[in-house]
Structures are given as C-alpha cells and as structure tokens.
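Here is what each chain is made of, one letter per residue.
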Amino acid sequence: MELVARWQAFRKRAVQTARLCCGVPDYEGYVKHLHEHHPDRPVPSYAEFFRERQEARYKGGGGRCC
Amino acid sequence: MHTATVKPNPAAKILWFAIAIVGAWCLGVVALRRGEPINAIWVVAAAIAVFVIGYRFYGKFVEHRVLQLDPSRAPPSVLRNDGLDYVPTDKWVVFGHHFAAIAGAGPLVGPVLAAQMGYLPGTLWILFGVVFAGAVQDFMILGLSLRRDGRSLGHMLREELGPLPGIVAMVGVLVLMMIVLAVLALVVVKALTHSPWSTFTVAMTIPIALLMGAYLRWFRPGRILEVSIIGLALLLLSIWAGKFVADSASLAPIFDLDAKALAWWLIGYGFCASVLPVWLLLAPRDYLSTFLKIGTIALLALAIFLAAPMLQMPAVTQFIDGTGPVFQGNLFPFLFITIACGAVSGWHSIIASGTTPKLLANEGQARMVGYGGMLMEAFVAIMAMIAAASLHPGVYFAMNAPGAIIGTTAEHAAQVISQWGFVVTPDALLQTAKDVGEQSILSRAGGAPTLAVGMAQLLHNVMPGEGMMAFWYHYAILFEALFILTTVDAGTRVGRFMIQEIAGLIHKPLQATESWAGNLLATAICVALWGYFLYQGAVDPLGGINTLWPLFGIANQMLAAIALMLATVVVVKLKRERYVWVPGIPAVWLIVCTLAAGYEKLVGPISFTAAADKYAIVLANGQMLAPAKTVAAMQQIITNNRVDMAMTGIFMALVVVMTLFCLRAVLKAWRINHPTANEEPYVALADVAAH
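Residues numbered from 1 in each chain as written. Chains lettered and ligands numbered in written order. Predicted model: local features only at pLDDT ≥ 70, side-chain atom pairs only at ≥ 80, totals over all residues.

**Some thoughts on the overall build of chain B**
Next up, step 1: Counting secondary structure elements, chain B contains 27 helices and zero strands.
Next up, step 2: Computed over the C-alpha atoms, the radius of gyration of chain B is 25 Å, within 12% of the 26 Å expected from 2.2 N^0.38 for a compact globule of 691 residues.
Next up, step 3: Counting only C-alpha atoms and orienting by the principal axes, one finds that chain B spans roughly 75 × 65 × 60 Å.
Next up, step 4: Counting over 691 residues, chain B shows a buried share of 56%.
Next up, step 5: The long-range share in chain B, meaning contacts at least 24 apart out of those at least 6 apart in sequence, stands at 82%. (Helix = DSSP H or I, 4+ residues; strand = E, 2+ residues; numbered from the N terminus. Rg over C-alpha atoms; globule rule 2.2 N^0.38 Å. Buried ≥ 20, exposed ≤ 12 C-beta atoms within 10 Å, placed from the backbone. Contact = placed C-beta atoms within 7 Å.)

Now the structure itself:
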C-alpha cells in the first residue's frame, strides 16, 4: 500500500513538472486557490485554463535560453 | 532548517574528505596524463566531485554569508499567491522546470567548438567557471529576485542602478537576442546543407506540430503528454522515412538545399511561426522539444556511462596558439567566450529572474534550484565535450574546419588535417559519412553535426545494429534542430513584443499586440534583424560559425557581466562589503574577457576589420576572392564585416558604460553607512501561513 501511495505521489509530481515545463501550472492547485480566496469567481474548465495559460506563455517576457 | 548551525558529524567529515581525495585524483589524471588517451569516466568522475564539493561548500557559503537567505522568510510565491504565476511549488518540480528552461543548444555547441584546443582547457573552464561564476550568477540573481517580489533583471537594474542603466542593459538584451537567434539558426543551416535526409525530417516537424496543435485544440484539449507521445512516434517515423527520401531519385533533390536557400526558408518559417496563433505551431513544437531535450540529455548521459569511451582528442592541441581552424583566436580570451552556456551564461539571469522566483516555496530551496540547476547544465556541457573528444580528431577537424581551409574533397581534407598531426585517411572520412548516411561530413561546423556523430557512435557502441548509426545521427540532428527552431519561433515572438513596445513610444497604435498591422510590421523587423546575420553567415567565406560564434559569445558574456555587476552592487548596498569579491571577481573576469575579445575582433589579424580590408583591397585591384564570384558579392562580404565591427563596438561600449554605472553605484553605497538596497520588507512565513 505504502509503495502504491509513493508511486502515485511521484507520478503526480512528474506530471506537474512536465506540465510546468510547458508553462501550464497545476490546475487542481488553481481551483483550490479560487475556492479559498475568490469564491465569487467562476471556475474555468481544464480546457479553458489550458488555453489561457498557453496564450500567456508566449506573451513576451523572458523567452528561453540559447 | 538552518544546517549551517549544526555541527557536522565525524562520518560526514570523512565522507567529504573521501570525495575531495577521489575528485583530486580524477582531476589529476585528467589534467596530467599525457601521451596516452584517457577514459571519459575520469572526466565524468572529476566533474561530479567538483560539482558536489562546489555545491556543498561554496554554494552554501554564498547562501548563508553573501545572500543570507532565510527559510523563515515568506517568499513571493506565498506573499502574492495567485494560483497561476505565483504558486508555492514542490522544490523538485521547480528544479525540473528551471533546468528545462535554462538548458538549450548553447551548452552543447560551445564545448564542441572549444574541443579544437583539446579537451583539457574547455573542461577546466567549465568545471571552475561554473562553480565560481556561472552558478554564482544564476543563484545570486535568483536570490535577489526572491527578495524583490520575483522582479525581472531589467526591473532590478532600473531599481538598483537607475533608469538609464536599465534602458542600456535592455537594448543590450534585444541585440543579444538577435545574434542568438541568427547563430542558432545558422547551426541548423550547417547541419541541413545538402542533406536531404536531415532536411526532410526537420521539415516534417511542421506538419507534425500542426497536427498536434489541432489535436490539443479540438480533440483532447490540454492533454500535453498524450499528444507529445504521438508527436514523438511520428518524429521517429519521419527519421525512418527520411532514409527512403534520401535514396529516392525524385524526392531527394527537393530536400537537397544549399545554405542560402535554407537560410531563406528559415527566415520565412520564423516569420510565419511567430505570426500564426501560438496554439497552432509554436506551442506544440515547444512541448515536443522540451520533452525531447530532457530525454536526449538523459540518453547521452546513459550512453557515456555505458560506452565509457576513450578520449581520442589530445588533452591540449597546438591550436591554443590561436591558429585553430574552428574558431580563430588565442586561448585567452577566446576559450572563455566560446564556452558561454555551460560555464557561465548571461541568459540564465533572465530565467532566474523570470518564472522560477515566483514558484519557490522557500528561500532555503534557492541553492538547489539556482546553483544546482546550473551545475546540471555544466554537466551537459561536459558530456558534449566528451562526445566531441571521443571522436577521431581527424574526423572532428574535417567536420568543423571551413571549406576555405580544408577544401571540398575527402582527399584534400585528409591531406591538410594529416599535416596538422592528426593523421587520417580519406577513406576514414568517407566511411564516417557513409556510416551516418550522409554524402559528406566535411565542414559541417556549428557543433550539432559533430555532437550527432559523437552521440551516434556512442549509442551504436551500446546498441549495435545494421544502419542504426545513421538513425542515431539523424535523431541527434533532428533533436537539436527541433529545439533550436523552437527558440527561433519563441524568440522572434518575444523580439516582436519588444520592438512593438519601442515602436509604441513613437506611434501609439503600433503598441497594440492584437493589431495585425503592428504585429506584421514588428515581426518583419525582428525577422529582418536576425535574418540579416543568418544570411551573412550562410554566405560567409569562413562558413559563418567562425565569424558569428565569437560575436554571440561576446554578447552572452556581456549580459553575464551585467548580471554579476548587479549582484556586486547589491552586495555593497546591503553593506556586506567583505563578500564583494564573490560576484565581483567573476564580473571583472568577464569584463576583461569580453573587452579583450572585442578588441581583437576590432583590431589585429583576426579582426572583422582585417577581413573587410582584405576583401576591399582585392576588390580595388579588380579581382575576386572566394567564395565571392561577383563584385556585388565582394561588396556584400565587406559590408557584413563592417556591420560585425559595429556590433562588436556596440557590445564593448555597452560593457564599458554599464561598468561605469556600476562603479558609481558601488562607490556611492560604500560611503553610506547603512543598507540602501531595495529589498521588500521581511514577512515571516509563519505569519502568512497562519492566515
């Protein structure tokens, strides 16, 4: 059981890292943040959230390394 | 949390002592063994020991004494948590993100070029440069940004030095970016010239990316991993199909392009990719290249560990005297600007003051991400050096020396290279080309093809198979081309926004990033700026890389010098003057290197001035000099060299101006007897967490 839980935690982190590398932050974390701090705002679906972040990533700023 | 206050136990002391001994022994073997080739594992072991010791001792010293990071202090991610940009994130996730953002083509190309001086000079510069300069820069800029709400390098420069130095530095960044895009695009051009197989596979990435974009948009929104796996499968398929294209009499000519044609294609592609909606082409390509990059670096590491190749390149070659064919110039200063990324890279200061400081959940994790991330990058550079040095030196020089020196036939090239003391037969060169499925490997400068042959040989040793070497070669070319093209797309877009911002100062409507007129105009200007240098490289008599890489190195190290100077100013402003040498010495070193290299590129035998004059004199006599065949082409080469002179002059002026601004700020802060740095006030993490 221990091992399964560990594997799941590892998997979650790996997916989170992979998504973050592509400029997509943790969706669950964002939904949680909205519930806690802005209960008045509508919660976007994952698809909406993804599109918004995809646009935001290439809006200028840092760019990437050589 | 404070590990510095804990007394180290005896077991730990013994362990660190043992690591130091092993490291010193390996380093001794790498540095002192002469006459007989050594195994790459010695280099890997020496690198790991140096990095581990640097991380544990010097990194910790910078953390506790110089930056005085405080795990009890609330970082920007906690203070300004918005669930999107500012999010407290697991440290391993931040590390992965940061490494993926700083790793690119740079650390793979620089060491390959520097291998012409032998593996030792470059390896030593990477090892000690990263510990004392590169990682210090990344870590300190990250630390400064953490204390300033995650602000960008430009913003911090304006705040700590004043508005004018901020603007000067940002102009430098824009110009640097244009040179970066041009030189990286040139690496792709060099790899694809007259290679139908490579050109086909790289061209196929466009329809594959479009397909992925459509899939993500309409079919399965946001399923990045899933679509990337599909994309990867299609890429591998296109590498396999590329062989048949190259063998086909009707298809091969379509993809058999010369350098000029490829340069035009890339310029056109860069324009389209940055004008089109991001979800269609740019974003899917980005996902693919990010994952492929990490996967390939892991593959390279695995291949080096399993194959454990012997280093065939001598430790030091005669080319440290500046007569080398790959790039001109002496060990000092040119080694130190040729290997930029991997030892110290100015670009990282932009990443370290971008997304990363907004994600770190605790100041105590900054050393691992900032200092540790850069050590990882240096390790990639060491692996590139090993891949290049494990090639037969004859093959290495045949691939990297320009056609103007070694000619265009295997016989002539083998003869010239053998005269340098690296005995090689024409058959060996032809056989290598045949092994990797190419017609010729001569004069494929730019690092990517050399690394690809090195990687192909290593992987072939580990996983032998008929025709597999050609597959691995084209895989390596594809992966480098893919992430360079992603940098070109994204960089063009960022450049476009910068140009629109500047244009907006003159005519307001141009600033609207949604307007098509402003968008097209700014993109065209941006593409023209880097496209000019790319085209110049494609027609350059010495093959382009020889000319443009030093310009890129000078520019990149200029930015690193600016970042380290900012760190120096802040250390003094915080009244921690006794640690001023920590960022100060590397800053001075980089200023000296950029100015010395710039000077040699302006005056003297290897300068752009000399090259322009040489062509001008020949033209005045009514003659032609290869590769120019017309008066117009001669004039073009003269103009190009004059433009490069001007660029070098601009970079040198920028360095001098920024140095003066920083000196002024340092002197002023030194005289005042209280801290004057613009840090945000202390907020305890415990207080925010309690809310």
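On we go from here.
**Topic: the overall build of chain A**
Next up, step 1: When helices and strands are tallied, chain A shows three helices and zero strands.
Next up, step 2: For chain A, the proportion of its 66 residues judged to be buried stands at 29%.

**Quick word on the packing of helix 5 (residues 106-114) of chain B against helix 15 (residues 366-389) of chain B**
All names here are of chain B.
Next up, step 1: Direction vectors running N to C along helix 5 and helix 15 enclose 40°, while the axes themselves pass 8 Å from each other. By the angle between their directions, the pair helix 5 and helix 15 is classed as oblique. In the crossing of helix 5 with helix 15, the sense of the turn from one axis to the other is right-handed. In this structure, helix 5 contributes P107, L108, G110, P111 and V112 to the contact, and helix 15 contributes E377, V380, A381, A384, M385 and A388.
Next up, step 2: Of the residues that constitute the contact of helix 5 with helix 15, the class distribution is nine nonpolar, one polar and one charged. (Axes fitted to C-alpha atoms, helices over the stretch in contact; angles between N-to-C directions. Parallel < 35°, antiparallel > 145°, perpendicular 65-115°, else oblique. Left-handed = near helix turned anticlockwise from the far one by under 90°. Nonpolar A, V, L, I, M, F, W, Y, C, P; charged D, E, K, R; others polar.)

**Focus: the interface of chain A and chain B**
Next up, step 1: Across the boundary between the two partners, chain A contributes 29 residues, which contact 43 residues of chain B.
Next up, step 2: Only helix 1 (2-21), helix 2 (27-37) and helix 3 (46-57) of chain A provide two or more residues apiece to the side of chain A that touches chain B.
Next up, step 3: Examining the composition of the side of chain A that touches chain B, we find that eight residues originate from one element, helix 1 of chain A, more than from any other.
Next up, step 4: Among the residues making up the side of chain A that touches chain B, the classes are represented as 15 nonpolar, nine polar and five charged.

**Here we look at the environment of B:L660**
Residue and element names in this part refer to chain B.
Next up, step 1: Its place among the elements puts L660 in helix 26 (residues 631-671).
Next up, step 2: Looking at L660, the number of C-beta atoms within 10 Å reads 11, which means it is exposed.
Next up, step 3: Considered as a pair, L660 and P165 are 495 residues apart in the sequence and their alpha carbons are 9.8 Å apart.

**Digging into helix 8 (residues 163-192) of chain B**
Next up, step 1: End to end, helix 8 of chain B covers 44 Å across 30 residues, agreeing with the expected 44 Å (1.5 Å per residue, within 8%).
Next up, step 2: Positioned one or two residues after helix 8 of chain B, B:H194 has a phi angle of 50°, which is positive. (Expected span 1.5 Å × (residues − 1).)

**Remarks on helix 22 (residues 516-539) of chain B**
Next up, step 1: With 24 residues, helix 22 of chain B should reach 34 Å at 1.5 Å per residue; the first-to-last C-alpha distance of 33 Å fits that figure.
Next up, step 2: Remark: the principal bend of helix 22 of chain B, roughly 25°, maps to B:G531. (Bend = angle between axes of the 7 residues up to and from the residue.)

**Side note on the packing of helix 2 (residues 40-67) of chain B against helix 6 (residues 119-146) of chain B**
Residues and elements named next belong to chain B.
Next up, step 1: The N-to-C vectors of helix 2 and helix 6 enclose an angle of 30°; their axes lie 10 Å apart at closest approach. Classed by the angle they form, the pair helix 2 and helix 6 counts as roughly parallel. Handedness of the helix 2/helix 6 crossing: right-handed. Seen from helix 2, the contacting residues are V43, A47, V50, G54, Y58, G59, V62 and L67; seen from helix 6, they are T123, L127, V131, A135, V136, F139, M140 and G143.
Next up, step 2: Across the contact of helix 2 with helix 6, the residue classes break down as 12 nonpolar, four polar and no charged.

**Points about unusual backbone geometry**
Residues and elements named next belong to chain B.
Next up, step 1: Here the bond from F332 into P333 is cis, since omega is 0°, no more than 30 degrees from zero.
Next up, step 2: Looking at where P333 falls in the secondary structure, it is placed in helix 13 (residues 331-338).
Next up, step 3: Although it is not a glycine, D149 adopts a positive phi angle of roughly 60°.
Next up, step 4: By the secondary structure assignment, D149 is in the loop between helix 6 and helix 7 (153-161).
Next up, step 5: A positive phi angle, near 40°, is found at A308, a position not held by glycine.
Next up, step 6: One can find A308 in the loop between helix 12 (282-307) and helix 13.
Next up, step 7: Given 17 C-beta atoms within 10 Å, A308 falls into the partly exposed group.

**Brief notes about the nonpolar core**
All names here are of chain B.
Next up, step 1: Counting residues in each nonpolar core, the largest one holds 246 residues, and the members touching the most others are A182, A185, A398 and M455.
Next up, step 2: Element by element, the count of residues in this core is highest for helix 23 (residues 545-573), at 21 residues.
Next up, step 3: Those residues in contact with A182 that lie beyond four places of it in its chain are W530, F533, L534, G537 and L548. (Core = buried A, V, L, I, M, F, W, Y, C linked by C-beta atoms within 7 Å.)

**Examining the confidence of the model for chain A**
Next up, step 1: Confidence in the prediction for chain A averages 86 pLDDT; 88% of positions are at 70 or higher.
Next up, step 2: Put simply, helix 3 of chain A is where chain A has its lowest mean pLDDT, 89, and helix 2 of chain A is where it has its highest, 92. (pLDDT = per-residue confidence, 0-100.)

**Notes on the environment of B:I585**
All names here are of chain B.
Next up, step 1: As for its placement among the helices and strands, I585 is situated in helix 24 (residues 581-602).
Next up, step 2: Owing to 15 C-beta atoms within 10 Å, I585 belongs among the partly exposed residues under this scheme.
Next up, step 3: When the C-alpha atoms of I585 and L564 are compared, they prove to be 9.1 Å apart, with 21 residues separating the residues in sequence.

**Thoughts on the confidence of the model for chain B**
Next up, step 1: On average, residues of chain B carry a pLDDT of 91, and 98% of them reach 70 or more.
Next up, step 2: Across the predicted assembly, pTM comes out at 0.94 and ipTM at 0.91.

**Some thoughts on the environment of B:V52**
Residue and element names in this part refer to chain B.
Next up, step 1: Tracing the chain through its elements places V52 in helix 2.
Next up, step 2: According to the C-beta neighbour criterion, V52 is partly exposed, with 15 such atoms within 10 Å.
Next up, step 3: With 79 residues separating them along the chain, V52 and V131 place their C-alpha atoms 9.9 Å apart.

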